[in-house]
Amino acid sequence: PIMSYIADLPPILQDLGLGYLAASARNEGHTVAIRGWNMSSSPEDYVSYLKKERPQVVAMKVFTKDVGAAVKTIETIKSVDPSITVIAGGPHPSAAPTDEIFEDLNGVDFVFRGEAEAGLPMLLRHLENLKGECNDSLKDIPGLVWKNNGSVIANNVQFVDVNHFDLPTWDLLKPSEYPAL
């Protein structure tokens, strides 16, 4: 979520989870960017960024304490371009009751529960091939929570061996842009 929407200070470390997800998407041929904790926190800068980069998909990690900020961020994204697919993952979607996730994260298109390194590239492939239409092929994507004709469908979470992940995309996380510990 946009940092100025979050009440507390941002962490001073790179988000390795996003780095791993970026690596899994990049390995499938997708162009990936990360807006980390250290980037400008103003909504205006984020709107400019979205208008300049014109992403097809925006994904974010959501902690329970940041649900309100995530909803404001989703509103900001959709105000720039309603066709941008918004995906949420992280601790809150993984722990929240399935039937409440889309109420908690109003406006989100898809949610991942658990690790998304295997499922995210599959969803991106689906979105690319089927122009975002929901169909039975979504049932094969591990950890995906989605809506179909108003019903919330939660696929089984697939636990994966983290030793099979590629290294995080350090070129996108840029350790030199974070303060030394």
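In this text, all values refer to a predicted model and were calculated from it rather than measured experimentally. (Residues numbered from 1 in each chain as written. Predicted model: local features only at pLDDT ≥ 70, side-chain atom pairs only at ≥ 80, totals over all residues. Heavy atoms only, no water.)

*Asks:* How do you make sense of the sheet that holds strand 3 (residues 110-112) when you look at a structure like this?
*Replies:* Strand pairing in a sheet relies on backbone hydrogen bonds. The paired strands run either parallel or antiparallel. Pairing in this open sheet of five strands is mixed, and the strands run 1-2-3-4-5 from one edge to the other. The two strands at the open ends of the sheet, each matched to only one other strand, are strand 1 (57-61) and strand 5 (151-154). Taking the axes of each pair of neighbouring strands and ignoring which way they run, one obtains an average angle of 25° across the sheet. One ladder, built from two bridges, connects strand 3 with strand 4 (residues 144-148); its direction is antiparallel. When the sheet's bridge partners are listed, Val111 is paired in strand 4 with Val145. (Pairing = 2+ DSSP bridges. Helix = DSSP H or I, 4+ residues; strand = E, 2+ residues; numbered from the N terminus. Axes fitted to C-alpha atoms, helices over the stretch in contact; angles between N-to-C directions.)

*Asks:* Could you clarify how one ought to interpret the side chain of Asn155 in this entry?
*Replies:* Relative to the elements of secondary structure, Asn155 occurs in the loop between strand 5 and helix 7 (170-173). Of note is the side chain of Asn155, whose polar atom sits 2.6 Å from the backbone oxygen of Leu138. Residues within four places of Asn155 in sequence aside, it is in contact with Leu138, Lys139, Asp140, Ile141, Gly143, Leu144 and Trp146. (Polar contact = N/O pair within 3.5 Å; in protein donor to acceptor, adjacent residues only side chain to side chain. Contact = heavy atoms within 4.5 Å.)

*Asks:* Hey, could you run me through the environment of Ser48 in this one?
*Replies:* Here Ser48 is to be found in helix 2 (residues 43-53). Judged by relative accessible area, which is 45%, Ser48 ranks as partly exposed. Through-space distance from the C-alpha of Ser48 to that of Val157 is 35 Å; in sequence the pair is 109 residues apart. (Buried < 20%, exposed > 50% of the residue type's maximum accessible area, 1.4 Å probe, protein only.)

*Asks:* Help me out: how do you make sense of the packing of helix 2 against helix 3 (residues 67-80) in this one?
*Replies:* Helix packing for two helices is described by the angle between their axes and how far apart those axes are. Packing of helix 2 against helix 3 brings their axes to within 10 Å, and their N-to-C directions diverge by 40°. With respect to helix 3, the element helix 2 is oriented oblique. Remark: the crossing between helix 2 and helix 3 carries right-handed chirality. The residues of helix 3 that touch helix 2, namely those facing Tyr46, Val47, Leu50 and Lys51, are Thr73, Thr76, Ile77 and Val80. Across the contact of helix 2 with helix 3, the residue classes tally to five nonpolar, two polar and one charged. (Parallel < 35°, antiparallel > 145°, perpendicular 65-115°, else oblique. Left-handed = near helix turned anticlockwise from the far one by under 90°. Nonpolar A, V, L, I, M, F, W, Y, C, P; charged D, E, K, R; others polar.)

*Asks:* What's the story with the packing of aromatic side chains in this structure? I'm lost.
*Replies:* The description of an aromatic ring pair rests on the distance of the ring centres and on the angle between the ring planes. On inspection of all chains with the given rule, the structure shows two aromatic pairs. Taking 5.6 Å as the distance between ring centres and 50° as the angle between the ring planes, the aromatic pair formed by Tyr20 and Phe165 counts as tilted. With a gap of 145 residues between them, Tyr20 in helix 1 (residues 16-27) and Phe165 in the loop between strand 5 and helix 7 connect regions that are remote in the sequence. Sitting above the plane of the Tyr49 ring, Arg35 keeps its charged end 4.6 Å from the centroid. (Phe/Tyr/Trp six-rings, centres within 6.5 Å; stacked < 30°, edge-to-face > 60°. Lys NZ or Arg CZ within 6 Å of the ring centre and 35° of its normal.)

*Asks:* Is there a simple way to think about the pairing of strand 5 in this case?
*Replies:* Looking down a regular strand, the side chains alternate between one sheet face and the other. For strand 4 and strand 5, the ladder comprises four bridges, and the chain directions are antiparallel. Paired with Val145 across the bridge in strand 5 is Ala154. If you look at the hairpin formed by strand 4 and strand 5, you'll find two residues sitting between the two strands, and Asn149 has a positive phi there, around 50°.

*Asks:* Even after reading the chapter, I still don't get the nonpolar core, so can you show me in this structure?
*Replies:* Across soluble globular proteins, nonpolar side chains have a tendency to be buried as a group. Core analysis: the largest hydrophobic core is formed by 21 residues, its most contacted members being Met60, Val62, Ile77, Leu105, Val108 and Val111. Of all the secondary-structure elements, those providing two or more residues to this core are helix 2, strand 1, helix 3, strand 2 (85-89) and helix 5 (101-104). Residues Ala22, Ala25, Leu124 and Leu172 belong to the second largest nonpolar core, which totals 18 residues. (Core = buried A, V, L, I, M, F, W, Y, C linked by side-chain atoms within 4.5 Å.)

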